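Listed here are the chains, written in short residue letters.
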Amino acid sequence: MKCAANGIPHISILDGWWQEGYVEGKTGWAFDTADELYGLLEKTIIPCFYNNRDAWEEIMQRTIMINGSFFTAKRMLDEYRKSAYMI
């Protein structure tokens, strides 16, 4: 989640925080199998990074805007406090 605050797009399976933070092609990418991962890298992510700098920068900006502003330690502590300690 620290990466999101610094504009680094994420690629992962849909578990943990990524279920909430995932917006296809806007904050990063999700995959289920190794074949899907390699396909995303080969056909989408690497070409975007090297050949379409404007699109890559837009993804970085959206990552900060959407995930970096939402996934914070303050939000996490508030959520834990409400759900675990104030029953």
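Placed above this text is the structure.
Throughout what follows, the structure given in this document is the object of discussion.

Quick notes on the environment of Asn 67
Consideration 1: With respect to the helices, strands and loops of the structure, Asn 67 is situated in helix H4 (residues 53-70).
Consideration 2: Taking relative accessible area as the criterion, Asn 67 reaches 2% and is therefore assigned buried.
Consideration 3: On a C-alpha basis, the gap between Asn 67 and Glu 20 in space is 9.0 Å, while along the polypeptide they are 47 residues apart.
Consideration 4: With residues up to four places along the chain from it excluded, the contact list for Asn 67 reads Ala 4, Trp 17, Trp 18, Gly 21, Thr 27 and Arg 62.

Looking at the nonpolar core
The nonpolar side chains of a soluble globular protein tend to be buried with one another.
Consideration 1: By size, the foremost hydrophobic cluster in this structure holds seven residues: Trp 29, Phe 31, Leu 40, Ile 45, Cys 48, Trp 56 and Ile 59.
Consideration 2: Among the elements that line this core, the one with the most residues is helix H3 (residues 34-51), at three residues.
Consideration 3: If we skip the residues at most four places from it in the chain, Ile 45 touches Ile 11, Trp 29, Leu 40 and Trp 56.
Consideration 4: Among the nonpolar cores identified, the runner-up in size contains five residues, and Ala 4, Trp 17, Ala 30 and Phe 71 belong to it.

Remarks on the environment of Arg 81
Consideration 1: Summarising the element assignment, Arg 81 is placed in helix H5 (residues 73-85).
Consideration 2: Distance from Arg 81 to Met 60, taken between C-alpha atoms, is 31 Å for residues 21 residues apart in sequence.

Rules and cut-offs
Residues numbered from 1 in each chain as written. Predicted model: local features only at pLDDT ≥ 70, side-chain atom pairs only at ≥ 80, totals over all residues. Heavy atoms only, no water. Helix = DSSP H or I, 4+ residues; strand = E, 2+ residues; numbered from the N terminus. Buried < 20%, exposed > 50% of the residue type's maximum accessible area, 1.4 Å probe, protein only. Contact = heavy atoms within 4.5 Å. Core = buried A, V, L, I, M, F, W, Y, C linked by side-chain atoms within 4.5 Å.

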